[in-house]
Protein chains: 4
Amino acid sequence: MSDNFSFPVRVYYEDTDAGGVVFYANYLKFMERARTEWLRQMGIEQDVLTQEQAIVFAVRRIKVDYLKPARFNEQLDVTVQVKKCNNASLDFYQEVRRAGLKSGEVLCKADVQIACVDVVRFVPRRIPENIIMELKNRGV
Amino acid sequence: MSDNFSFPVRVYYEDTDAGGVVFYANYLKFMERARTEWLRQMGIEQDVLTQEQAIVFAVRRIKVDYLKPARFNEQLDVTVQVKKCNNASLDFYQEVRRAGLKSGEVLCKADVQIACVDVVRFVPRRIPENIIMELKNRGV
Amino acid sequence: MSDNFSFPVRVYYEDTDAGGVVFYANYLKFMERARTEWLRQMGIEQDVLTQEQAIVFAVRRIKVDYLKPARFNEQLDVTVQVKKCNNASLDFYQEVRRAGLKSGEVLCKADVQIACVDVVRFVPRRIPENIIMELKNRGV
Amino acid sequence: MSDNFSFPVRVYYEDTDAGGVVFYANYLKFMERARTEWLRQMGIEQDVLTQEQAIVFAVRRIKVDYLKPARFNEQLDVTVQVKKCNNASLDFYQEVRRAGLKSGEVLCKADVQIACVDVVRFVPRRIPENIIMELKNRGV
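Given the structure is predicted, the values throughout are model-derived calculations rather than measurements.

Participant: What exactly am I supposed to notice about the overall build of chain A here?
Facilitator: Helices and strands together make up the secondary structure of chain A, namely three helices and five strands. Each helix and strand of chain A, placed in order from N terminus to C terminus, yields the pattern β-α-α-β-β-β-β-α. Relative to a compact globule of 140 residues, whose C-alpha radius of gyration would be 14 Å, chain A shows 16 Å and is just as compact. Based on the C-alpha atoms only, the size of chain A along its principal axes is roughly 45 × 30 × 25 Å. Here chain A, with 140 residues, has 60% of them falling under the buried criterion. Here chain A displays about 5,800 Å² of accessible surface, and carbon together with sulfur accounts for 49% of that area. Here chain A contributes 21 positively and 19 negatively charged side chains, and the mean placements of these two sets differ by 5 Å.

Participant: Please clarify how the interface of chain C and chain A should be interpreted in this entry.
Facilitator: The figure often quoted for interface size is the accessible area lost as the parts come together. Between chain C and chain A, the residue contacts involve nine residues of the former and nine residues of the latter. Of the roughly 670 Å² buried at the junction of chain C and chain A (both faces included), carbon and sulfur atoms supply 75%. Taken together, the links from chain C to chain A amount to zero salt bridges. Of the residues assigned to the side of chain C that touches chain A, the class counts are four nonpolar, three polar and two charged.

Participant: Mind showing me how you'd approach the environment of I44 of chain C here?
Facilitator: Residue and element names in this part refer to chain C. For I44, the location among the structural elements is in the loop between helix 1 (26-40) and helix 2 (46-53). In this structure, the C-alpha to C-alpha distance between I44 and E134, residues 90 residues apart in sequence, is 9.6 Å. Leave out the neighbours within four places in its chain, and I44 touches L39, L49 and I131.

Participant: Explanation requested: helix 1 (residues 26-40) of chain D in the structure shown.
Facilitator: Each α-helix winds once per 3.6 residues, and so residues spaced three or four apart point in a common direction. In this model helix 1 of chain D runs 21 Å from its N-terminal to its C-terminal C-alpha over 15 residues, within 8% of the 21 Å that 1.5 Å per residue would give. Most of helix 1 of chain D sits out of view: 15 of its 15 residues are buried.

Participant: What's the story with the sheet that holds strand 4 (residues 89-98) of chain C in this structure? I'm lost.
Facilitator: Hydrogen bonding along the main chain pairs the strands of a sheet, whether they run parallel or antiparallel. Pairing within the open sheet is antiparallel, and its 10 strands lie in the order 1(C)-3(C)-4(C)-5(C)-2(C)-2(D)-5(D)-4(D)-3(D)-1(D). Here the strands that pair on one side only, and so sit at the sheet edges, are strand 1 (5-10) of chain C together with strand 1 (5-10) of chain D. Averaged over all pairs of adjacent strands, the angle between strand axes in this sheet comes to 30°, irrespective of strand direction. Relative to strand 5 (residues 106-118) of chain C, strand 2 (residues 55-66) of chain C is paired through 11 bridges, and the arrangement is antiparallel. Paired with Y66 of chain C across the strands is C108 of chain C, a residue of strand 5 of chain C.

Participant: In this structure, what is going on with the environment of E74 of chain C? I would like to understand it.
Facilitator: All names here are of chain C. Structurally, E74 can be placed in the loop between strand 2 and strand 3 (75-85). Counting along the chain gives 48 residues from E74 to F122, while the straight-line C-alpha distance between them is 36 Å. Sequence-distant contacts of E74, defined by excluding residues within four places in its chain, comprise V9, R10, V11, P69 and R98. Polar side-chain contacts of E74 include one of 2.6 Å to the side chain of R98.

Participant: Explain the interface of chain A and chain B to me, please; I cannot follow it from the model alone.
Facilitator: Of the residues lining the interface, 23 residues belong to chain A; the matching set on chain B comes to 23 residues. Summed over both partners, the interface of chain A with chain B buries about 2,000 Å², with 63% contributed by carbon and sulfur atoms. Applying the counting rule to chain A against chain B returns two salt bridges. Salt-bridge contacts for D65 of chain B lead to R61 of chain A; the nearest nitrogen and oxygen are separated by 3.3 Å. The interface formed by chain A and chain B holds 12 residue pairs in polar contact (both at pLDDT 80 or more) in total. Elements with a contribution of two residues or more to the side of chain A that touches chain B: helix 1 (26-41) and strand 2 (55-66) of chain A. If you tally residues by element for the side of chain A that touches chain B, the top one is strand 2 of chain A, at eight residues. Relative to strand 2 (residues 55-66) of chain B, strand 2 of chain A runs antiparallel, the two sharing five bridges. In the sheet register, I62 of chain A faces strand 2 of chain B, and the bridge partner there is V64 of chain B.

Participant: Mind showing me how you'd approach the relation of the copies chain C and chain A here?
Facilitator: For these two chain copies, the linking operation is a rotation about an axis paired with a shift along it. Of the transformation superimposing chain C on chain A, the axial component is 0.0 Å and the angular component is 180°, with the fit at an RMSD of 0.0 Å. Overall, the copies show the geometry of a two-fold rotation axis. For chain C, the residue whose C-alpha comes nearest the rotation axis is D17 of chain C, separated from it by 1.9 Å. With an isologous cut-off of 70% or more, the 100% of interface residues of chain C that recur at the interface of chain A puts this contact in the isologous class.

Participant: Please clarify how the relation of the copies chain A and chain B should be interpreted in this entry.
Facilitator: The two copies are related by a screw operation: chain A maps onto chain B through 180° of rotation and 0.0 Å of translation along the axis, at an RMSD of 0.0 Å. When the interface residues of chain A are mapped onto chain B, 100% of them again fall at the interface, so both copies present the same face.

Participant: Sorry, what's going on with the sheet that holds strand 5 (residues 106-118) of chain A here?
Facilitator: Read from one edge to the other, the open sheet built from 10 strands follows the order 1(A)-3(A)-4(A)-5(A)-2(A)-2(B)-5(B)-4(B)-3(B)-1(B), with strand pairing classed as antiparallel. The outermost strands of the open sheet, each flanked by one partner alone, are strand 1 (5-10) of chain A together with strand 1 (5-10) of chain B. Sheet twist, expressed as the average angle between the axes of neighbouring strands with direction ignored, equals 30°.

Participant: Mind showing me how you'd approach the pairing of strand 5 (residues 106-118) of chain B here?
Facilitator: On any regular strand, side chains alternate: one points to one face of the sheet, the next to the other face. Residues and elements named next belong to chain B. For strand 5, the tally of buried residues reaches 10 of 13 residues, placing the bulk of the element in the interior. Relative to strand 5, strand 4 (residues 89-98) runs antiparallel, the two being bridged by nine bridges. Bridge pairing in strand 5 places S89 opposite A115.

Participant: Help me understand the side chain of E32 of chain B, please; the structure alone is not making it clear to me.
Facilitator: Note on placement: E32 of chain B falls in helix 1 (residues 26-40). Here E32 of chain B is buried and forms no salt bridge, its nearest opposite-charge partner R35 of chain B lying at an N-O distance of 5.0 Å. Look past the residues within four positions of E32 of chain B in its chain and what remains in contact with it is F23 and Y24 of chain A together with Y12 and Y13 of chain C.

Participant: What am I meant to see in unusual backbone geometry here?
Facilitator: Glycine aside, a negative phi is what most residues show, and trans is what most peptide bonds show. All names here are of chain A. One non-glycine residue, A54, lies in positive phi territory at about 60°. Of note, A54 is situated in the loop between helix 2 (46-53) and strand 2. With a relative accessible area of 29%, A54 lands in the partly exposed category. The backbone of N73 sits at a positive phi, close to 80°, despite the residue not being glycine. Mapped onto the fold, N73 is located in the loop between strand 2 and strand 3 (75-85).

Participant: I tried to follow the pattern of salt bridges on my own but got confused; where do I start?
Facilitator: Where charged atoms of side chains with opposite charge meet at close range, the side chains can pair. Throughout the structure, instances matching the rule amount to 44 salt bridges over all chains. When the shortest N-O distance is used, the salt bridge between E95 of chain B and R97 of chain B registers 2.7 Å. Judged by its relative accessible area of 27%, R97 of chain B falls in the partly exposed class. The structure contains a network of salt bridges with shared partners spanning K68, E74, R98 and E105 of chain A.

Analysis parameters
Residues numbered from 1 in each chain as written. Chains lettered and ligands numbered in written order. Predicted model: local features only at pLDDT ≥ 70, side-chain atom pairs only at ≥ 80, totals over all residues. Heavy atoms only, no water. Helix = DSSP H or I, 4+ residues; strand = E, 2+ residues; numbered from the N terminus. Rg over C-alpha atoms; globule rule 2.2 N^0.38 Å. Buried < 20%, exposed > 50% of the residue type's maximum accessible area, 1.4 Å probe, protein only. Areas by Shrake-Rupley, 256 points an atom, 1.4 Å probe, with all protein chains shown as cover. Lys, Arg positive; Asp, Glu negative; His and termini not counted. Charge placed at Lys NZ, Arg CZ, Asp CG, Glu CD. Contact = heavy atoms within 4.5 Å. Buried area = accessible area lost by both parts, 1.4 Å probe. Salt bridge = Lys/Arg side-chain N within 4 Å of Asp/Glu carboxyl O. Nonpolar A, V, L, I, M, F, W, Y, C, P; charged D, E, K, R; others polar. Expected span 1.5 Å × (residues − 1). Pairing = 2+ DSSP bridges. Axes fitted to C-alpha atoms, helices over the stretch in contact; angles between N-to-C directions. Polar contact = N/O pair within 3.5 Å; in protein donor to acceptor, adjacent residues only side chain to side chain. Least-squares fit on C-alpha atoms with pLDDT ≥ 70 in both.

What follows is the structure, encoded as structure tokens:
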């Protein structure tokens, strides 16, 4: 089980809807940003992956529980935890939490499965060995 | 079990990402549009609901399976099926399918739970009686 | 000067922000949808253009006046008018108008310049002859 | 003339389109984020402004020149410069620049006019005195 990684996200007008809260699809953007930054701090840049190995990470399945709404101008933390590393996919658990004054309150939690796929045909491809190694070094 | 309702959606540049396919969060927009139109064809306008009864429908839980990617310029159909009507929530099953030449192919399927909540405090509220009646009339 | 073309757009939650109105960047999505449908009704499909001729239409310049806000659930009409057809670019004038009860009220108007560019290098390319012909046939 | 303020933005998948570049409407999101952070570093929080004074800042006019495309995974800087402070509006000049290796290259530049409006009726309101003072202290 990997350590938690956390990425800060600020709620801007673009993220909210007329209900005064973050639009439900936009939490998926926040979670994708956090996964991207989690990869980056392991030295993995997705544009390089695509250019050099012709693969992309595509979301295959998500399950999201929306517990409390995030509102305009709030500061959030988005966590990334790898639950399982398979040959061609990764299972994540992610939370969106309030930062600042009400720090830690979980607003939204998700199970996310990411598949490693061919950039053109979107068929499964093995996760590159260096990524597997990085994950193992981190105890995943 | 209600009949299927289907709503057409075209994939524009705004919906796609650099992977050449629809960005995973944007299917949730398509599904929300379809649910909105499903309510509308029952005579229910959400802006009126909010103004007159101070309620909104908020997504409480989603589970999405991404099976195949939708691409730029494709024509899609998004289905809406009510699985269960509770006091303060509705359970839906939705699919995003290819229209046109490859008509019917399921690209994405989802279980969606919608809660009826107070517009200010986001606490549960009973679904209005006229909506319950409309659903019963349709065999839900 | 070409005739006006108009494309209907409904305002969904995804389009609005916590101010209760359509987020200012989203009018650009509406205008892009309308330009896409204007091309389509001339028989021009942009995915085919890219696959067969390796070009895309990219926005080079916009000037947008936001006159009145569009709100959640409103029905809009988005117009497309070609002002000028150059070798490698097109000048448009577009309006976003209220449909329905307050039909015709202009909420937003824009001058938009679109460039025809190479899909990989984003350098200018001549607009394909068949598109020029189509435009001439329509009096542009 | 105020000093330049600059805010870093990373390009994620959500920002790009099937052309492989940032979708043209999304630069407006980046510019809005930068204006929000520029206000914040002057001690002005927009949610507080709305709650306490019932005003919002709404974009009245933009003119954007798209010079070069930003691509997936690039790091950008978004500048904010106040050109003029009026009674009920502010004129900005903003640039989106490449950061990192090709630092400083201007990808997109914009003139933006923001109006101070009533949160309910969207009619003009005077800019609060403390904001005017803050701007004057900074030489605007």
